[in-house]
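# Reading the structure
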Amino acid sequence: MTSGLLLIEVFLSFCQNIDDSVAVPYAPRIAKDIGPFLPVTSEDTLTLVLETLAVVVQIDDGKWITEDLARALVVAILDVWMKNNKDPIFISIMTDVVESLASSPAPGVYPAVVQQALPPLSNAISTYTTNDSGIAAAAIDLVNSIVEGAPDAGLGDGFIAMLAPSLFGCLASAEDRDAIQVRLPLLRLRLPNSTDIV
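Residues numbered from 1 in each chain as written. Predicted model: local features only at pLDDT ≥ 70, side-chain atom pairs only at ≥ 80, totals over all residues. Heavy atoms only, no water.

## Points about the nonpolar core
- Membership of the largest hydrophobic core comes to 66 residues, with the highest contact counts inside it found for Trp81 and Phe159.
- When neighbours within four sequence positions are excluded, Trp81 is seen to be in contact with Ile91, Met94, Leu121, Ala124, Ile135, Ala138, Ala139 and Leu142. (Core = buried A, V, L, I, M, F, W, Y, C linked by side-chain atoms within 4.5 Å. Buried < 20%, exposed > 50% of the residue type's maximum accessible area, 1.4 Å probe, protein only. Contact = heavy atoms within 4.5 Å.)

What follows is the structure, encoded as structure tokens:
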């Protein structure tokens, strides 16, 4: 694993210090190589791996990202999120990655991110309990990152229909509604522009 982490550090340095036009040919391979590190990385080194992925998916605004790669990265991110959903640093970096994936202008990438991420995130929001409100709050943060990265055309068919029941159920049962509602500003801003409201 030590040689793998050294490689991750090289990827990070390479991607941060080189022009996008030079990095684009390498970006898909780097992203594919980083993905498998996510679920097996210890908490001590997870920040480095996530930061590297965050930098890589921003290369050339993610125009090179494919649907399959987006799906694989979302699965890996959600796997890490399920194990580390209380760490604000990890959540912050993961939301950056998900937003970058969602904002990729490559054909089919935004719908792939939504299809892969929204069902488990909606489920996490719907399982809100007063004992563990952090999971729902972190899931709402990730949903907000998808909303932030959404194309100008809107959130897409079925987005609100899938999210609304779990979100409103969470709000109805939350003891500390402020903790949940503070995470909703992006969603509130996008709802009036959406054509898929239930």
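## Re helix H3 (residues 27-34)
- Those residues of H3 lying buried are Ala27, Ile30, Ala31 and Ile34. The buried residues of H3 occupy an angular sector of 100 degrees when projected down its axis, which confines them to one face. Opposite the buried face of H3, at more than 90 degrees from it, the exposed residues are Arg29 and Lys32. (Helix = DSSP H or I, 4+ residues; strand = E, 2+ residues; numbered from the N terminus. Arc of directions from axis to C-beta.)

## Points about the side chain of Thr41
- Along the polypeptide, Thr41 turns up in the loop between helix H4 (37-40) and helix H5 (43-57).
- One polar contact links the side chain of Thr41 to the main-chain carbonyl oxygen of Phe37, over a distance of 2.3 Å. (Polar contact = N/O pair within 3.5 Å; in protein donor to acceptor, adjacent residues only side chain to side chain.)

## As for the pattern of salt bridges
- What the rule picks out here adds up to 3 salt bridges.
- As a salt-bridge pair, Arg29 and Asp33 come within 3.1 Å of each other at their nearest N and O atoms. A residue pair is termed a helical-turn pair when its members lie 3 or 4 positions apart in one helix, as Arg29 and Asp33 do in helix H3 at 4 residues.
- Taking relative accessible area as the criterion, Asp33 reaches 27% and is therefore assigned partly exposed. (Salt bridge = Lys/Arg side-chain N within 4 Å of Asp/Glu carboxyl O.)

Geometric values such as these leave the question of function open.
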